[in-house]
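# Structural overview for review
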2 protein chains.
Amino acid sequence: MGVGRSSSRATIRDVATAARVSPTTVSHALNGKGRIHPRTRARIQQVAERMGYQANRLAVGLRSGRSGVQALWLPLGPDATANDTLALDYYMRLASATATAVFGHGDVVMLLPPVLEGQDLTAVAVDGAIVIDPGEGDRRIEALRALEIPCVTIERNPIDPKDPWCVTSDTGHHVECLLEHLSAQGAQRIALLVPEAFGAWAEEQRAAYRSWALDHRQERLTRPVALRPAFESALRVVRAMLRWQRPPDAIVIGAERFVPGTMRALADAGRVVPNDLLVAVAVDGNYARGSNPPLTAVDLQPERQATAAAELLRNRLDGLAPSGPRTISGILQVRTSSQRPGRRQPQTGKFLGVS
Amino acid sequence: MGVGRSSSRATIRDVATAARVSPTTVSHALNGKGRIHPRTRARIQQVAERMGYQANRLAVGLRSGRSGVQALWLPLGPDATANDTLALDYYMRLASATATAVFGHGDVVMLLPPVLEGQDLTAVAVDGAIVIDPGEGDRRIEALRALEIPCVTIERNPIDPKDPWCVTSDTGHHVECLLEHLSAQGAQRIALLVPEAFGAWAEEQRAAYRSWALDHRQERLTRPVALRPAFESALRVVRAMLRWQRPPDAIVIGAERFVPGTMRALADAGRVVPNDLLVAVAVDGNYARGSNPPLTAVDLQPERQATAAAELLRNRLDGLAPSGPRTISGILQVRTSSQRPGRRQPQTGKFLGVS
DNA sequence: CTTGTAGCACAAATCGATTTTTCAGCTCGC
DNA sequence: GCGAGCTGAAAAATCGATTTGTGCTACAAG
């Protein structure tokens, strides 16, 4: 019981005894500190290896003041359980990749419960934290700041957009690329479904669309959609769109959760994708992939985001200077929904990095 | 830097000094152990409260031999990053709920990287582990056993099906209920898409189907579908089905990942759901919810599974006798795909617990 | 011959808690 | 009046590592 096979696990003392030296010497030998005769060092290393010695993380942590644990804090509300869920598969990819990346640095990842009061957090021994999709006045950020726990965010913190300790996807640029792509496929009137108030995200989408529309002399067809209930909101908005005098001939869906509602509205109205109307999504995920037809979307590359975040956090903990916000560009997954029959098949898997 | 606000955080010594007692007395007072004058105890508790004292988990862990950390090990391969993913949203719900449940017991959850060699695990200080969907000869189980780390599984361990330390969903019963439901909606020839070799799961589905078919004098229409590539396999199998002399009038999809392929095959063949053919899924998720039309499915209730697993693990760590495998029954979410027009609308949200 | 210094290893202190043991003071009984 | 028993609290040992300071030896310089 207890930590690993605590009963049988070798301690530094055991190794010392076996190697006929003091624990001090073992510690120095294995950590390369102090002055030790090379031969002694080699011998100790061998003995430690043979005994399968691994330093007790708790003891190391206690002494060094570093627990070797990084917290991962997802933006899930208490309603993560409800049917009306966010892009859980994206978060799962992110979480899984974070665990791998942090583990690669010799630390481990702790999954913080979605809802957690700041108080409770004091009880937890964490060196740093990775906060996903911070929102306005995010309680997670506040709690961490109160406890002086260094953190790195994935996506900008709207409160402090210039915080260099963050990983960001170039949302605006993604929207621009999608518009460009749809345009190249012949779309003339492209609408954008933009989530209502969702951090810095929605704003970037809106701005990118506005500037693109201006450049291309296209009427601005942006519609805000309430995040909750996602299905009904999207359904209603798209339905309304289709009744316009001059309805759009392409739709960019700004948030994954609007996919089902949008597709339903299109199906109800008898519009066939991509023949009658092109569709693309700003965030790839199950909805986009599993839709019928599959939807063109931007893969945000959660794996690369996680890797970058883990690296930033490590730097921050090591007291290094901030290496600036890290921008992870997505990859355009072209699928049926945006390929007008007859047109030249566009390139898929295109890296959307800014040149 | 370091663990919390280590620089400023109050230790037991600080509390002792402030309360003019020894650290021993503080420890006893707060843990209710030893003999202490009630007045002294109350005073110490007040002082501790005022100073915001929280025992250092690392120190407690070192002394007690319990780290207070439970590992969560998901069945994700290195391909969790690929497009061809399993039900990531289900796992995310599970992970999130596990974090909450374990936190409720005063412990925290560590997310283990999907791929991890047994060696590396020794370095990690974990009291116990929750293993999701163990497979045949699962390396996770092996690694944990080698390190004598107690674990609880969600879904049965095919190697040791009688292991009482597990939470199981009554898969067979779920299939039975789906068949019953479809039958009540008028289906006469119900086919089952069963995943090829996926733990105890597929077997239970198959057995339940067989026995139900026997009872209802229905021809056995079971087809195994390869898990990879899920889309193409399902597509091919369903396509073939539709070309049978007497094609099925309803399909039960055994694994969520087969949904897109199935729906595509149906759409390609011009079959309209639910008018021409009824569909239901054994596992609810994004695919089932976001499909067009939305598919009737069984919500496995990952939240309840997680709660049960956390409780079982806690019991196991406390040395209690196994409280038997815990069966968590799903909830039938009736959606459009299984409601034959004209028929009485069936009850949704039905708890599938065995009476 | 003494002193200085470098090399190598160890003893002891430390991290922050818990657990075991000790101890002072007080009451009670004989 | 003296040992037994009880109460309340503190001292000391412990968990397993790291870090600081100490000591011994050998060899070179004064």
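Just so it is clear, the structure is predicted and the values come from calculations on it, not from any experiment. Counting starts from 1 at the beginning of each chain's written sequence and moves along it residue by residue. Whichever chain is written first is A, and whichever ligand is written first is 1; the rest continue in order. Owing to the predicted nature of the model, reporting of local features is limited to residues with pLDDT of at least 70; listing and counting of side-chain atom pairs is limited to 80 or more, with chain, interface and lining totals taken over all residues. To get the side-chain values, all heavy atoms of the structure are used, and hydrogens and water are removed first.

Turning to the overall build of chain A, a few remarks are in order. Under the DSSP-based scheme used, a helix requires at least four consecutive residues in state H or I and a strand at least two consecutive residues in state E, with every element numbered from the N terminus. The secondary structure content of chain A amounts to 13 helices and 13 strands. Taken over C-alpha atoms, the radius of gyration is set against a globule rule of 2.2 Å times the number of residues to the power 0.38. For 355 residues, the compact-globule formula gives about 20 Å, and the C-alpha radius of gyration of chain A, at 26 Å, lies well above that figure. Seen through its C-alpha atoms, chain A measures out along the principal axes to roughly 90 × 45 × 40 Å. Areas reported as accessible are Shrake-Rupley estimates using a 1.4 Å probe. Residue values count occlusion only from the protein chains shown. Of the roughly 15300 Å² of accessible surface on chain A, 49% is carried by carbon and sulfur atoms. Charged residues are defined here as Lys and Arg on the positive side and Asp and Glu on the negative side; His and the ends of the chain fall outside this count. Lys charges are placed at NZ, Arg charges at CZ, Asp charges at CG and Glu charges at CD. Side chains of chain A carry 43 positive and 35 negative charges; the gap between the two charge centres is 7 Å.

With that out of the way, let us pick up the packing of helix α5 (residues 88-104) of chain A against helix α13 (residues 302-317) of chain A. Residue and element names in this part refer to chain A. Interaxial angles span 0 to 180 degrees and are taken between N-to-C directions of axes, which are lines fitted to C-alpha atoms, for helices over the stretch in contact. Close contact between α5 and α13 brings their axes to 8 Å; oriented N to C, the two are set at 40°. By the angle class used here, α5 and α13 are oblique. Along this stretch, α5 crosses α13, giving a crossing that reads as right-handed. Touching Tyr90, Arg93, Leu94, Ala97, Thr98, Ala101 and Val102 of α5 are Pro302, Glu303, Gln305, Ala306, Thr307 and Ala310, all from α13. Residues are sorted three ways: Asp, Glu, Lys and Arg are charged, Ala, Val, Leu, Ile, Met, Phe, Trp, Tyr, Cys and Pro are nonpolar, and all the rest, Gly among them, are polar. Residue composition of the contact of α5 with α13, by class: eight nonpolar, three polar and two charged. In what follows, roughly perpendicular refers to angles from 65 to 115 degrees, roughly parallel to angles under 35, roughly antiparallel to angles over 145, and oblique to any angle outside these ranges. With the far helix as reference, a near helix turned anticlockwise by less than a right angle produces a left-handed crossing, and one turned clockwise produces a right-handed crossing. Contact between two residues is taken to exist if any of their heavy atoms lie within 4.5 Å; hydrogens are not considered.

So, on to the pairing of strand β6 (residues 190-195) of chain A. Residue and element names in this part refer to chain A. Summarising burial for β6: six of the six residues are buried, a large majority. What makes two strands pair is DSSP finding at least two bridges between them. As paired strands, β6 and strand β8 (residues 250-253) are joined by four bridges and run parallel to one another. Of the residues in β8, the one forming a bridge with Ile190 is Ala250. A simple rule labels every residue: compare its accessible area, found with a 1.4 Å probe on the protein chains alone, to the largest value its type can have, and call it buried under 20%, exposed over 50%, or partly exposed in between.

Close to DNA strand C lie 25 residues; Thr25 and Thr40 of chain A together with Ile12, Ser27 and Arg63 of chain B are nearest. Between DNA strand C and the protein, one listed contact pairs a phosphate oxygen with a side-chain N or O atom of Thr25 of chain A at 2.5 Å. Pairs of N or O atoms are called polar contacts if they sit within 3.5 Å, as long as, within protein, a hydrogen donor faces a hydrogen acceptor (for residues adjacent in sequence, only side-chain-to-side-chain pairs). One of the side-chain nitrogen or oxygen atoms of Arg35 of chain A is found 3.0 Å away from a base nitrogen of DNA strand C. Broken down by secondary-structure element, the contributors of at least two residues to the surface near DNA strand C are α2 (23-31) and α4 (57-64) of chain A together with α2 (23-31) and α4 (57-64) of chain B. Here the surface near DNA strand C gets four residues from one element, more than from any other, and that element is α2 of chain B. Per-class residue counts for the surface near DNA strand C are eight nonpolar, twelve polar and five charged. Here a residue is considered near a molecule or strand provided that any single heavy atom belonging to it is located within 4 Å of it.

This part covers the protein's contact with DNA strand D. Every one of the 25 residues lining DNA strand D counts as a neighbour, but Ile12, Ser27 and Arg63 of chain A together with Thr25 and Thr40 of chain B are closest to it. Atoms of DNA strand D within 4 Å of the protein belong to the sugar or the phosphate in 59% of instances, the rest to bases. Measuring from a base nitrogen of DNA strand D, one finds a side-chain N or O atom of Arg35 of chain B at 3.3 Å. The contact in question runs from a phosphate oxygen of DNA strand D to an N or O atom on the backbone of His37 of chain B, over 2.8 Å. Elements with a minimum of two residues in the surface near DNA strand D: α2 and α4 of chain A together with α2 and α4 of chain B. If you tally residues by element for the surface near DNA strand D, the top one is α2 of chain A, at four residues. Within the surface near DNA strand D, the residues separate by chemical class into eight nonpolar, twelve polar and five charged.

We now examine the confidence of the model for chain A. Residue and element names in this part refer to chain A. Each residue carries a pLDDT score, the predictor's own confidence in it, on a scale running from 0 to 100. Across chain A, the average pLDDT comes to 89, with 91% of residues at or above 70. At the level of individual helices and strands, chain A shows its lowest average pLDDT in helix α6 (residues 118-122), which scores 72, and its highest in β8, which scores 98. Counted against residues more than four places away or in other chains, residues 1-6, with its pLDDT under 50, gives 22 contacts.

Using a grid of 1 Å spacing that covers the protein atoms alone, one calls a set of points a cavity when a 1.4 Å probe fits there but cannot get out, and a pocket when the set is open and has protein on both sides within 12 Å along at least five of seven lines; lining residues are those with an atom within 4 Å of a point. Grid points are joined across faces, edges and corners, and a volume is the space filled by probe spheres set on the points. As enumerated under the stated definition, the model contains twelve cavities of 30 Å³ or more in all. In terms of lining, the largest cavity is formed by 19 residues, of which the most central are Leu58, Ser67 and Val69 of chain A together with Leu58 and Val69 of chain B. Residues of the lining of the largest cavity, tallied by class, amount to 14 nonpolar, three polar and two charged.

Interface extent is often summarised as the accessible area lost during association of the parts. Residue and element names in this part refer to chain A. Partitioning chain A into structural domains gives domain 1 (12-55), domain 2 (69-169 + 303-328) and domain 3 (171-300 + 331-351). Note that domain bounds follow an automatic or database assignment of domains. Placing the centre of domain 2 and that of domain 3 at their C-alpha centroids yields a distance of 29 Å. Facing the 14 residues of domain 2 at the interface are 16 residues of domain 3. As used here, buried area is the combined drop in accessible area, with a 1.4 Å probe, of two parts when they are placed together. In total, about 1400 Å² of surface goes out of reach between domain 2 and domain 3, with carbon and sulfur atoms giving 44% of it.

With an axial shift of 0.0 Å and an RMSD of 0.1 Å, the rotation relating chain A to chain B amounts to 180°. Given the turn and translation reported, the copies of this chain are related as if by a two-fold rotation axis. A shared interface surface links the copies, since 99% of the contact residues of chain A are contact residues in chain B too. In superposing the copies, a least-squares fit is computed on C-alpha atoms, taking residues whose pLDDT is at least 70 in both.

Facing the 67 residues of chain A at the interface are 67 residues of chain B. When a carboxyl oxygen of Asp or Glu is within 4 Å of a side-chain nitrogen of Lys or Arg, the pair counts as a salt bridge. Where chain A meets chain B, there are zero salt bridges. If you look at where chain A meets chain B, you find four residue pairs in polar contact (both at pLDDT 80 or more). A total of ten residues in the side of chain A that touches chain B trace back to one element, the largest contributor, which is α5 of chain A. In terms of residue class, the side of chain A that touches chain B is built from 35 nonpolar, 18 polar and 14 charged.

All names here are of chain B. Here helix α1 (residues 12-19) crosses α2 at 100°, and the two axes come no closer than 8 Å. Between α1 and α2, the crossing angle belongs to the class labelled roughly perpendicular. Across the interface between the two elements, Ile12, Arg13, Val15 and Ala16 from α1 touch Pro23, Val26 and Ser27 from α2. Of the residues belonging to the contact of α1 with α2, the class tally is five nonpolar, one polar and one charged.

The next thing to look at is the layout of surface pockets. Approximately 1200 Å³ is the volume attributed to the largest pocket. Residue lining of the largest pocket: 34 residues in total, with Tyr53, Gln54, Ala55, Asn56 and Val60 of chain B positioned closest to the centre. Among the secondary structure elements, those contributing two or more residues to the lining of the largest pocket are α4 and α6 of chain A together with α1, α2, α3 (38-51) and α4 of chain B.

This part is about the pattern of salt bridges. Two side chains that carry opposite charge are able to pair once their charged atoms sit near each other. Tallied over the full model, the rule gives 22 salt bridges over all chains. In this structure, Arg289 of chain A and Asp89 of chain A form a salt bridge, with 3.5 Å as the shortest nitrogen-oxygen distance. With Arg289 of chain A in helix α12 (residues 286-290) and Asp89 of chain A in helix α5, this pair connects stretches of sequence that are 200 residues apart. Given a relative accessible area of 13%, Arg289 of chain A falls into the buried group. In this structure, the salt-bridge partner of Arg189 of chain B is Glu219 of chain B, at a minimum N-O distance of 3.0 Å. Separated by 30 residues along the polypeptide, Arg189 of chain B in the loop between α8 (171-184) and β6 (190-195) and Glu219 of chain B in the loop between α9 (199-215) and β7 (222-225) bring together distant segments of the chain. The class for Arg189 of chain B is buried, based on a relative accessible area of 11%.

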